Amino acid sequence: MTTHFNYPTPAVQEELRKIAAAIVAPGKGILAADESTGTIGQRFVKIGAENNEENRRLYRQLLFTADKALADNISGVILFHETLYHKDDNGTPFPKLLQDLGIIPGIKVDTGTVKLFGTEDEVTTQGSSTLNFLMWKNARSGSWDRPMTTGIHISLIRAGLLDICGTPSWAYHIILPDGDHDLEQAQKVAETVLAAVYKALNDHHVFLEGTLLKPSMVTAGQSCPKKYTPQEIAAATVTAFSRTVPAAVTGITFLSGGQSEEEATVNLDAINKFNGKKPWPLSFSFGRALQASVLKAWGGKPQNIKAAQNELLKRAKANGLAALGKYEQGSITGKAAGEGLFVKNHAY
Amino acid sequence: IGVDNTEENRRLYRQLLFTADKAMSDHISGVILFHETLYQKTDTGQLFPDLLKEQGIISGIKVRGDHSWYQGEGIIPSIKVRGDHSWHQGEGIIPSIKVRGDHSWHHARPPHPCKPCEVSPQVDKGVVPLYCSEDEVTTQGLDDLAQRCVKYKRDGCHFAKWRCVLKIKRNTPSYQAIQENSNVLARYASICQAARIVPIVEPEILPDGDHDLDRAQKVTETVLAAVYKALSDHHVFLEGTLLKPNMVTAGQSHERRYSPEDTAASTVTVLCRTVPERLLLYSSEDIAAATVTALYRTVPAAVCGVTFLSGGQSEEEASVNLNSINRVKGNKPWPLTFSYGRALQASVLKAWEGRGENVLAAQAELLKRARANSMAALGRYESGTVTGTAGNEGQFIKDHAY
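Rules of the game
- Residues numbered from 1 in each chain as written.
- Chains lettered and ligands numbered in written order.
- Predicted model: local features only at pLDDT ≥ 70, side-chain atom pairs only at ≥ 80, totals over all residues.
- Heavy atoms only, no water.
- Helix = DSSP H or I, 4+ residues; strand = E, 2+ residues; numbered from the N terminus.
- Contact = heavy atoms within 4.5 Å.
- Areas by Shrake-Rupley, 256 points an atom, 1.4 Å probe, with all protein chains shown as cover.
- Buried < 20%, exposed > 50% of the residue type's maximum accessible area, 1.4 Å probe, protein only.
- Core = buried A, V, L, I, M, F, W, Y, C linked by side-chain atoms within 4.5 Å.
- Buried area = accessible area lost by both parts, 1.4 Å probe.
- Salt bridge = Lys/Arg side-chain N within 4 Å of Asp/Glu carboxyl O.
- Polar contact = N/O pair within 3.5 Å; in protein donor to acceptor, adjacent residues only side chain to side chain.
- Nonpolar A, V, L, I, M, F, W, Y, C, P; charged D, E, K, R; others polar.
- Pairing = 2+ DSSP bridges.
- Expected span 1.5 Å × (residues − 1).
- Arc of directions from axis to C-beta.
- Axes fitted to C-alpha atoms, helices over the stretch in contact; angles between N-to-C directions.
- Parallel < 35°, antiparallel > 145°, perpendicular 65-115°, else oblique.
- Left-handed = near helix turned anticlockwise from the far one by under 90°.
- Phe/Tyr/Trp six-rings, centres within 6.5 Å; stacked < 30°, edge-to-face > 60°.
- Lys NZ or Arg CZ within 6 Å of the ring centre and 35° of its normal.

Chemist: Can you help me understand the overall build of chain B in this one?
Modeler: Across its full length, chain B carries 13 helices and nine strands. Sequence-distant contacts in chain B: of pairs separated by 6 or more residues, those separated by 24 or more amount to 78%. Accessible surface computed for chain B: about 18000 Å², of which carbon and sulfur atoms make up 53%.

Right, here's the structure in full:
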């Protein structure tokens, strides 16, 4: 625990701050389109589309050419490695396409989870670097009698390295929603994990103003018999974060986990409406909860592209409103708005 | 100020402070008391905490370990604390001594530096050395803290203060000192809350030294991160705590050494080439920016409020800096106010001089300074607008023990 270390240079601090702030600009959030090949395959199976490279390219093209208006609500897109090097039909690389729209490209850098030997089925994440922003995640089970261990340390050493490269990094912590634990237990786990995360970030001298946090909302386990309202979820979430996430963190962009599109939006909205200590913008970084209706509308067919893009714009707008606490439940519907998107033990 | 340190004078002085004027409660929300003061009365026989309560001012108590408390309550330790280390190398506790409270005191705590078995009301040694460290300390007093808190709550105190001390030198604060002090603060906070007392958490990083502002900020960030991790580990309810930190300032001898008045001393020239920024004195805005940044990076929004200590700053400095802190742009999630000792009382003491005929004048000084800090806590204080008999005098005391 040394007190002798360096802050990033003013130029690096400025650049990191700007990028992070742009991502959580009011009414905006992230489209997480970084599904690995395997994961996107799972999505395609459900709509009867083949999982080949061309389809993956076509699908992402669909997303990124939706309309200029997409940039009103989408500040950044997280890409999977393969997608980074794909081009649209005119030969424009996807990152350039996005940048021209004023949307910041980002990259998922972890290479998936691996088991922690000797633990009760816990995992850590491995992987490595590049581009404007990076996403690093660490999945933790929701059981709260399990110790939080080395996984956190490894992922955050990387966060430190990335800061030095001049790229804002993202502490992305999923506490998986699997399980039957109630909301209170979920909150305790969240508080314990986040306290450890921020202690580790401090130990590694990570420049917090140049980071974002992508956490799960605090919710009860999927198989918990008790059901909670969005207001209860908001209270648990905001309270846990106010107790652990320093105000210096530029923003919080929630993942949607297994929530349906509408659930995720309504919960984000409740979080923003909740009257508590919230010194950071509270926005979204949704994958499934932005794309479920899109995929359903597309069905892999070119004649459905416009309709599918329309679904994306609608959902992006809904979440943009939720990020401002201005969404009215049920006001924006889609082809899959109410469908649960929970995938057991989701690998991402 | 040439006043005898007798119990009566201590009573008279605190009476002066607490009977100042009704307007005091416009600016002062709480008073931290020493144990003795808690049980003292006004000339008319009213207990001080009751007097304060009548004015809407909350009483708090300084709780760290001090042998006079034990003596006063008739609780032993009649433990001879020898000046060598043999007792903690396994020679054990003298069997005929009853050791009150828990037994943590004999878990490798080095011998207490005060005289064995004697009680001196002036003993102010809440801190004890950390054996094998480079002159670092921790704070004692967890023994019986639970019982004491229950009693203090009953006797009218609703918040408590516990001061830990860390020092900036080449190799300190060390891992040992940071870990230990963070943990002891967390234990203290936890015990207080169990007794429904709000703990003020005070991890003071002393201003002694010649380090620059940058180093002070880094130390503060590291220490506060450790403190809040420990509080989390001990499940302390943050919304029911306050933080009493130092402002982030350069070391006391940093400014003197590198002030613009220094001429071409060779050290200054050498440093000029290597660390040019050291030649600058830091402005109040520099201090404010460093302080607020450090807090942003480490203090969770759930913490109810931040009440700065004044350290060795003069009355005016402490007000001006607090004001600048409140003027720093940005959405600060906690109130930023004061918990000042010297910076509220320096002019008071100077005006009083221990003389009855000066009481009103002294009280006027207190009210003036309270008002100044009240304005500063709102970012509305104008430097130099409130002057007192000791306004700009530095209050720095080397290695201050409290």
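Chemist: Is there a simple way to think about the environment of B:L130 in this case?
Modeler: Residue and element names in this part refer to chain B. With respect to the secondary-structure elements, L130 resides in the loop between β3 (127-129) and β4 (137-139). Residue classification places L130 among the buried positions, given a relative accessible area of 11%. The spatial distance from the C-alpha of L130 to the C-alpha of E180 is 9.2 Å, given a sequence separation of 50 residues. With sequence-adjacent residues up to four places away left out, L130 is seen in contact with E136, V137, T138, Q176, A177 and E180.

Chemist: Any chance you could explain the nonpolar core here in plain terms?
Modeler: As a rule of thumb, nonpolar side chains are buried together in soluble globular proteins. Core analysis: the biggest nonpolar cluster contains 170 residues, and A:F64 and B:Y188 have the highest contact counts within it. If one sorts the elements of this core by residue count, helix α7 (residues 213-233) of chain B sits on top with ten residues. Not counting residues up to four positions away in its chain, the partners in contact with B:Y188 are B:V63, B:L142, B:L145, B:A160, B:K161, B:W162, B:P199 and B:I200. Grouped together as the second largest cluster of nonpolar side chains are nine residues, A:I23, A:V24, A:A32 and A:L212 included.

Chemist: How do you make sense of the interface of chain B and chain A when you look at a structure like this?
Modeler: Accessible area lost upon the coming together of the parts is a frequently used measure of interface size. Taken together, the 30 residues of chain B in the interface contact 25 residues of chain A. Here chain B and chain A share an interface that buries about 2300 Å² over both sides, 57% of which is from carbon and sulfur atoms. On the chain B side of the contact with chain A, B:K218, B:T222 and B:R297 bury the most area, a combined 28% of that side's loss. Counting across the interface, chain B meets chain A through two salt bridges. The shortest N-O distance in the salt bridge between B:R297 and A:E209 comes to 2.8 Å. Taken together, the links from chain B to chain A amount to 16 residue pairs in polar contact (both at pLDDT 80 or more). Every element with two or more residues in the side of chain B that touches chain A is listed here: α6 (175-194), α7 and α10 (284-298) of chain B. In terms of residue count, the dominant contributor to the side of chain B that touches chain A is α7(B) (eleven residues). A class-by-class count of the residues in the side of chain B that touches chain A yields 16 nonpolar, six polar and eight charged.

Chemist: Explanation requested: the pattern of salt bridges in the structure shown.
Modeler: Side chains that carry opposite charge are capable of pairing whenever their charged atoms lie near each other. Residue and element names in this part refer to chain B. For the structure shown, the criterion picks out 30 salt bridges over all chains. A salt bridge links D135 to K169; the nearest nitrogen and oxygen atoms lie 3.6 Å apart. Of the two residues, D135 sits in the loop between β3 and β4 while K169 sits in the loop between β5 (157-166) and α6, which places them 34 residues apart along the sequence. We classify D135 as partly exposed; its relative accessible area is 47%. Between R163 and E202 there is a salt bridge; the shortest N-O distance is 3.9 Å. Linking R163 in strand β5 with E202 in strand β6 (residues 198-205), this pair joins segments that are 39 residues apart in sequence. E202 carries the same exposure label as R163, and that label is buried. Linked by salt bridges that have partners in common, K161, R163, E202 and E204 make up one network.

Chemist: What am I meant to see in the pairing of strand β1 (residues 30-33) of chain B here?
Modeler: All names here are of chain B. Burial of the side chains of β1 is restricted to one face: V31 and L33 are buried, whereas none of G30 and I32 on the reverse face is. As paired elements, β1 and strand β2 (residues 58-62) share four bridges and run parallel to each other. Among the inter-strand pairings, G30 is bridged to a residue of β2, identified as I58.

Chemist: Which parts of the structure should I look at to understand helix α1 (residues 10-23) of chain A?
Modeler: A turn of α-helix holds 3.6 residues, and therefore any two residues three or four places apart point the same way. Residue and element names in this part refer to chain A. Given a rise of 1.5 Å per residue, 14 residues ought to cover 20 Å, and the 20 Å separating the end C-alpha atoms of α1 matches this to within 8%. Those residues of α1 that fall on the buried side of the exposure criterion are Q13, L16, I19, A20 and I23. Buried residues along α1 cover an arc of 140 degrees about the axis, so they all sit on one side. Facing away from the buried side of α1, by more than 90 degrees, are the exposed residues P10, A11 and K18.

Chemist: Explain the packing of helix α2 (residues 37-47) of chain A against helix α11 (residues 288-298) of chain A to me, please; I cannot follow it from the model alone.
Modeler: In a pair of packed helices, the angle between the axes and the distance between the axes together describe the arrangement. Residue and element names in this part refer to chain A. The N-to-C vectors of α2 and α11 enclose an angle of 40 degrees; their axes lie 9 Å apart at closest approach. Between α2 and α11, the angle is such that the two are oblique. Note on packing geometry: the crossing formed by α2 with α11 is right-handed. Together, R43, F44 and I47 of α2 and R288, L295, K296 and W298 of α11 make up the contact between the two elements. Each residue belonging to the contact of α2 with α11 can be placed in one class, and the counts come to four nonpolar, no polar and three charged.

Chemist: Looking at this structure, I do not really get the packing of aromatic side chains. What am I missing?
Modeler: Counted by the stated rule, this structure contains twelve aromatic pairs over all chains. Their ring planes at 85 degrees and their centres at 5.6 Å tell us that A:F5 and A:Y7 sit as a pair that is edge-to-face. Residue A:F5 is classed as buried on the basis of its relative accessible area of 12%. Centre to centre, the rings of B:Y296 and B:W334 are 6.0 Å apart; their planes meet at 40 degrees, and the pair counts as tilted. Note that B:Y296 is positioned in helix α10 and B:W334 in the loop between α11 (315-327) and β9 (336-338), a separation of 38 residues in sequence. A residue is classified by how much of its surface remains accessible, and B:W334, at 3% relative accessible area, is buried. If you follow B:K218 out to its NZ or CZ, it ends over the ring of A:F5, 5.5 Å from the centre. Over the ring of A:Y7 we find B:R297; its NZ or CZ atom is 5.1 Å from the centre of that ring.

Chemist: Mind showing me how you'd approach the environment of B:S182 here?
Modeler: Residues and elements named next belong to chain B. For S182, the location among the structural elements is in helix α6. Each C-alpha atom, one on S182 and one on P203, is 7.8 Å from the other, the two residues being 21 residues apart in sequence. Beyond its immediate stretch of four places on either side in the chain, S182 contacts V223, A226, V227 and A230.

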